[in-house]
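Coordinate analysis (summary)
Given next are the chains, with one letter for each unit.
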Protein chains: 2
Amino acid sequence: MVNKQYYNYGTSRSVIREIFEFGLKLRKEIGAENVYDFSLGNPSVASPDSVNSEVRKLISEKSSVALHGYTSAQGDYTVRKKISDYITRTYGAKASENLIYMTCGAAAALTITLGALYEDGDNCVVIQPYFPEYKVWANTAGYTVTEVSPDYTSFQINFEELKTAITAKTKCVIINSPNNPSGAVISKENIVKLAKLLEERQAEFKHPIFLIADEPYRELVYGAEVAYVPNFYKNTVVCYAFSKSLSIPGERIGYIAVSPDTNGAGEIYAAVCGAGRALGYVCAPSMWQFVAAENLGKTADISIYRTNRDLLLSTLTASGYECVKPDGTFYLFIKALEKDAIAFCERAKKYNLLLVPGDCFGAPGYVRIAYCVSTETVKGSLTAFTALSAEYRA
Amino acid sequence: MVNKQYYNYGTSRSVIREIFEFGLKLRKEIGAENVYDFSLGNPSVASPDSVNSEVRKLISEKSSVALHGYTSAQGDYTVRKKISDYITRTYGAKASENLIYMTCGAAAALTITLGALYEDGDNCVVIQPYFPEYKVWANTAGYTVTEVSPDYTSFQINFEELKTAITAKTKCVIINSPNNPSGAVISKENIVKLAKLLEERQAEFKHPIFLIADEPYRELVYGAEVAYVPNFYKNTVVCYAFSKSLSIPGERIGYIAVSPDTNGAGEIYAAVCGAGRALGYVCAPSMWQFVAAENLGKTADISIYRTNRDLLLSTLTASGYECVKPDGTFYLFIKALEKDAIAFCERAKKYNLLLVPGDCFGAPGYVRIAYCVSTETVKGSLTAFTALSAEYRA
């Protein structure tokens, strides 16, 4: 009687959500302070003051109709101009306000971009570990999805497998750097290598292959440089969100940036506008467009995440856990202490540690720790991690 | 190279948008005060003070993380509870917070509902005159669309044609009362008649036929009573938005209410959740969920719209225009003074009157006047309307 696929999407509880619900139950039983819940990627650090002060300013100074009324479907012109200027100023890249499309967050940026690029029979390549919703969104747009298995040494890119994964049917490849769940930042060298591989494949198959760069964690880095992908590969569509940088994930604000050098940029942008229209995105939330435009490049106080990362890293490695040091995001991706990461996460629950098995992200044997929690929770968890490791060694 | 259908949606300029762009040009040439632009349904009345004051309160009192963080995908629980209580209190209808789904406005409510109900080969019936995006959204979900021609005497429902339009393939019928573009409010008698017809057709075809009630104009009425449709027909899904009532169309906030009495209500709600997920709607903008929940039933100062409507109605009917008196919205739907409404609108431009031909809404021969403009603009336009009519009589 209803759409079967959507019904399945609506009823198949995600593993992450199930762990989170378990955490809520556990908090009631043993007290919130005793639960070390690392399951959800919901920022715990307040937005920078400039966010709420911009809201106050807009409400006081801008007319209600201009502030809360429809913007153009692509987004307010002045907002798009500020973003394209920011891209040029910050990354030295070409950009145009006429190729920026404001979205309801990164998820909408991805569903709209995937929809815009899709033609009958197209294939989309994703690189493990990856955010599991990519598959839902690509399948909904119509794509078959090919998964490239992880490069376990560094969580960069398994180039050997990627090479064969890209076929004549491949329309796009999604990358996510800094990466959820591994925290890895793809190095400049690897972006160059990726560009070369895609260019070869384009020449071979005689059609463009688009790189979709999903970048909600761009500013959440601890010293590492995040390459601006369109500077290295012209057929790149950037999907950005202010959710993590400004700690406003609930407000749903982000953008799509089509590079002016992309093959058929105007055509792609028109299809982006059409996809947004067809999926019901009339415009991105207007006030948040204006707030975002005044907060470009700003971040919440991410030194808290850095502190959490460093605390966890030093204790975990000292207690025998293996982990590639993450350069960004607020995730640590550690190797489970037994082959089956699901079983490992079950065992961790005994110590009130709530972790997510890497199987969700296509990287079995690993475990995600979302350390966007209070430093107090991190400190409390350290003995639990040590005890868990001791149990395995006993 | 891109999705052809989406490309077409992105490049086919809507007639309304073209008229609006012409208006912008004209303003520059002859001054804004001399242009009588009735093309767009963008509210011109400020939001009630309670909207911005609630924003201020939330920003001062609620923690940043609770205010701007993700809510659950269906929407914040307390928000959904307030809405379901409001529905019960106001309309005496059953409602459940577990069957309310918060959306990015009415457009998202419709794309999600249409997607959730769609099964292979389904048909959707729309009643002219209707908001043209319905067809885009229904086609995107997969439906064939059947249009029922207008009841020109009252812009209620052409029941005779509706009866044959509904076939074994029909999964849903969209109604919009108060109606854009006619301003008509479907009478209680006609809702009862519609319910009876749908029940007969359901019994005949042995499957549920859903009524999708698109209600962004529910509170924009001038004395008329708007029936709460689920009280009359149980297989109704209500799609509501706060855009017009609170003058916040840019902020994208609304909801889907599945009635607890609907056949397979739980199943439909699960498919709604799945459709929202698949289309990239992670959650509705969080702060606006909280603002909306504190402004249920409130409206901007709609006495301004009433004044505009009355001024236009009295002058237009005195100058020989024919019009069904609209009970709601901020639209007047007048009969063009020649057979071809497009030609009529072209002629109106000479008087700096910007009107939208009814052809866009499936009602040729008629013209939409969006009077959500300043009363000053309305007053200025009256002599232009009179002169235009005089030209036809000359």
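Coordinates for the structure precede this section.
Residues numbered from 1 in each chain as written. Chains lettered and ligands numbered in written order. Predicted model: local features only at pLDDT ≥ 70, side-chain atom pairs only at ≥ 80, totals over all residues. Heavy atoms only, no water.

**Re the interface of chain B and chain A**
Note the cut-off: Working rule for contacts: check all heavy atoms of both residues, and any pair within 4.5 Å makes them a contact. Buried area adds together the accessible area that both of two parts lose upon being put together, with accessible area traced by a 1.4 Å probe. Salt bridge, as used here, is a side-chain nitrogen of Lys or Arg placed within 4 Å of a carboxyl oxygen of Asp or Glu. Pairs of N or O atoms within 3.5 Å make up the polar contacts considered here, provided that, within protein, one atom can donate a hydrogen while the other can accept it, and that residues adjacent in sequence are counted only when both atoms are side-chain atoms. For the purposes of this entry, the term helix denotes a DSSP run of H or I that reaches at least four residues, the term strand denotes a run of E that reaches at least two, and both are numbered from the N terminus. Note on residue categories: nonpolar means Ala, Val, Leu, Ile, Met, Phe, Trp, Tyr, Cys or Pro, charged means Asp, Glu, Lys or Arg, and polar means any other residue, Gly included.
If you look at the interface, chain B gives 71 residues, while chain A gives 71 residues. Here chain B and chain A share an interface that buries about 5800 Å² over both sides, 58% of which is from carbon and sulfur atoms. Broken down residue by residue, the surface that chain B buries against chain A is led by M1, Y70 and R277 of chain B, which jointly contribute 15%. Along the contact surface separating chain B from chain A lie 2 salt bridges. As a salt-bridge pair, R277 of chain A and E133 of chain B come within 2.7 Å of each other at their nearest N and O atoms. For the pair chain B and chain A, the interface holds 38 residue pairs in polar contact (both at pLDDT 80 or more). Per-element tally for the side of chain B that touches chain A: the top contributor is helix α10 (residues 265–279) of chain B, with 10 residues. Its residues assigned to classes, the side of chain B that touches chain A shows 39 nonpolar, 23 polar and 9 charged.

**Re the packing of aromatic side chains**
This is how the line gets drawn: The rule is short: rings of Phe, Tyr and Trp, with Trp giving its six-membered ring, pair when the centres are within 6.5 Å, and they are stacked under 30 degrees, edge-to-face over 60, tilted in between. For every residue, the accessible area (1.4 Å probe, protein chains only) is compared with the maximum for its type, and the residue is labelled buried under 20%, exposed over 50%, or partly exposed between those bounds. Each ring is checked for a lysine NZ or an arginine CZ that lies within 6 Å of its centre and within 35 degrees of its normal; such an atom marks a charge sitting over the ring.
Counted by the stated rule, this structure contains 46 aromatic pairs over all chains. Aromatic pair F155 of chain A and Y366 of chain A: ring centres 5.1 Å apart, planes at 85 degrees, arrangement edge-to-face. Remark: Y366 of chain A occurs in strand β12 (residues 366–370) and F155 of chain A occurs in the loop between β4 (144–148) and α8 (159–165); sequence separation between them is 211 residues. Of the two residues examined, F155 of chain A and Y366 of chain A, each falls in the buried class. One aromatic cluster is present, built from ring pairs that chain together Y152, F155, F333, F361 and Y366 of chain A. In this arrangement the basic side chain of R347 of chain B is found over the ring face of Y392 of chain B, its NZ or CZ atom lying 4.1 Å from the centre. Lying across the ring of F22 of chain B, K349 of chain B places its NZ or CZ 4.4 Å from the centre.

**Thoughts on the relation of the copies chain B and chain A**
Each of the two chain copies can be generated from the other by rotation about an axis followed by a shift along it. Under the convention used in this document: Here the copies were fitted onto each other by least squares, based on C-alpha atoms from residues at pLDDT of at least 70 in both.
Expressed as a screw transformation, the operator carrying chain B onto chain A has a rotation angle of 180 degrees and an axial translation of 0.0 Å, and the superposed copies differ by an RMSD of 0.0 Å. These values place the two chain copies in the arrangement generated by a two-fold rotation axis. A symmetric contact is evident, with 100% of the interface residues of chain B recurring at the interface of chain A.

**Let's talk about helix α12 (residues 303–318) of chain B**
Residues and elements named next belong to chain B. Note the following rule: By definition here, a helix of n residues has an expected span of 1.5 Å times n minus one.
Taking 1.5 Å as the rise per residue, α12 with 16 residues should run 22 Å; its terminal C-alpha atoms sit 22 Å apart, in good agreement. For α12, every residue scored as buried is listed here: Y305, N308, R309, L312, L313, T315 and L316. In this structure, the buried residues of α12 make contact with β9 (331–335), β12 (366–370) and α14 (375–393). Positioned one or two residues after α12, G320 has a phi angle of 95 degrees, which is positive.

**Re unusual backbone geometry**
Q128 of chain A connects to P129 of chain A through a cis peptide bond whose omega is -5 degrees. In this structure, P129 of chain A sits in the loop between β3 (123–127) and α7 (133–141). Between S177 of chain B and P178 of chain B the backbone carries a cis peptide bond, its omega angle lying at -5 degrees. Here P178 of chain B is to be found in the loop between β5 (170–175) and α9 (188–205). Here the phi dihedral of R252 of chain A falls at roughly 60 degrees; this positive angle occurs in a residue that is not glycine.

**Things to note about the environment of K298 of chain B**
Residues and elements named next belong to chain B. With respect to the helices and strands, K298 occurs in the loop between α11 (286–293) and α12. The exposure class assigned to K298 is partly exposed, which follows from its relative accessible area of 36%. Spatially, the C-alpha atoms of K298 and F333 are 26 Å apart, while their sequence positions differ by 35 residues. When residues no more than four places from it in sequence are discounted, the contact partners of K298 are S50, S245 and L246.

**Thoughts on the pairing of strand β6 (residues 210–214) of chain B**
Residues and elements named next belong to chain B. Our working definition: In this description, strands pair whenever DSSP reports at least two bridges between them. When the strands point away from the viewer, a crossover counts as right-handed if the route from the first strand across the helix to the second turns clockwise.
Most of β6 sits out of view: 5 of its 5 residues are buried. Judged by which residues are buried, β6 turns out to be covered on both faces: F210, I212 and D214 on one side and L211 and A213 on the other are all buried. Relative to β6, β5 is paired through 4 bridges, and the arrangement is parallel. When the bridges of β6 are listed, C172 appears paired with F210. On the question of chirality, the crossover connecting β5 to the parallel β6 by way of α9 is right-handed. One ladder, built from 4 bridges, connects β6 with strand β7 (residues 236–241); its direction is parallel. Each bridged residue has a counterpart across the sheet, and for A213 the counterpart in β7 is V238.

**Let's talk about the environment of E322 of chain A**
Residues and elements named next belong to chain A. Within the fold, E322 resides in the loop between α12 (303–318) and β9 (331–335). Expressed as a C-alpha distance, the spacing of E322 and A336, which sit 14 residues apart in the sequence, is 8.2 Å. E322 has contacts with I334 and K335, leaving out every residue within four places of it along the chain.

**What to know about the nonpolar core**
Selection criterion: The criterion is simple. A nonpolar core is a set of buried Ala, Val, Leu, Ile, Met, Phe, Trp, Tyr and Cys residues joined through side-chain atoms within 4.5 Å.
Judged by nonpolar contacts, the single largest core of 82 residues is most densely connected at I112 and L114 of chain A together with I112 and L114 of chain B. Per-element tally for this core: the top contributor is α10 of chain B, with 9 residues. Leaving out residues up to four positions away in the same chain, L114 of chain A has contacts with C124, W137, A138, A141, Y143, C172, I174 and I212 of chain A. Counting 60 residues, the second-largest nonpolar core is a separate cluster that includes I248 and I253 of chain A together with V55 and V291 of chain B.

**Points about the sheet that holds strand β6 (residues 210–214) of chain A**
All names here are of chain A. Selection criterion: Note on method: axes are straight lines fitted to C-alpha atoms, helices fitted across the in-contact stretch only, with angles between N-to-C directions ranging 0 to 180 degrees.
Read across the open sheet, the 7 strands follow the order β2-β8-β7-β6-β5-β3-β4; overall the sheet is mixed. Only two strands of the sheet have a single neighbouring strand rather than two, namely β2 (100–103) and β4. Here the average twist between neighbouring strands, direction ignored, is 20 degrees. Relative to strand β8 (residues 254–258), β2 runs antiparallel, the two being bridged by 4 bridges.

**What about the packing of helix α3 (residues 49–61) of chain A against helix α11 (residues 286–293) of chain A?**
Residues and elements named next belong to chain A. What counts here: Working definition: roughly parallel below 35 degrees, roughly antiparallel above 145 degrees, roughly perpendicular at 65 to 115 degrees, and oblique for all remaining angles. It is the rotation of the near helix from the far one that decides the hand of a crossing: anticlockwise by less than a right angle makes it left-handed, clockwise makes it right-handed.
Interaxial distance between α3 and α11 falls to 9 Å at its minimum, and their mutual angle equals 125 degrees. Judged by the inter-axis angle, α3 sits oblique to α11. When you trace α3 past α11, the crossing you get is right-handed. Along the contact surface, α3 presents V51, E54, V55, L58 and I59, while α11 presents M287, W288, F290 and V291. Residue composition of the contact of α3 with α11, by class: 8 nonpolar, no polar and 1 charged.

**Side note on helix α9 (residues 188–205) of chain A**
Residue and element names in this part refer to chain A. Heads up, the rule is: Directions drawn from the helix axis to the C-beta atoms are what define this arc.
With 18 residues, α9 extends 26 Å from end C-alpha to end C-alpha; this agrees with the ideal 26 Å at 1.5 Å per step. Among all positions of α9, only N190, I191, L194, A195, L197, L198, R201 and Q202 are buried. Buried residues of α9, viewed axially, fall in a sector of 165 degrees; they line one side. Among the exposed residues of α9, those pointing more than 90 degrees away from its buried face are E189, K196 and A203. Considering only its buried residues, α9 is in contact with α8, β5 (170–175) and β6. K206 occupies a position one or two residues after α9 and carries a positive phi of about 60 degrees.

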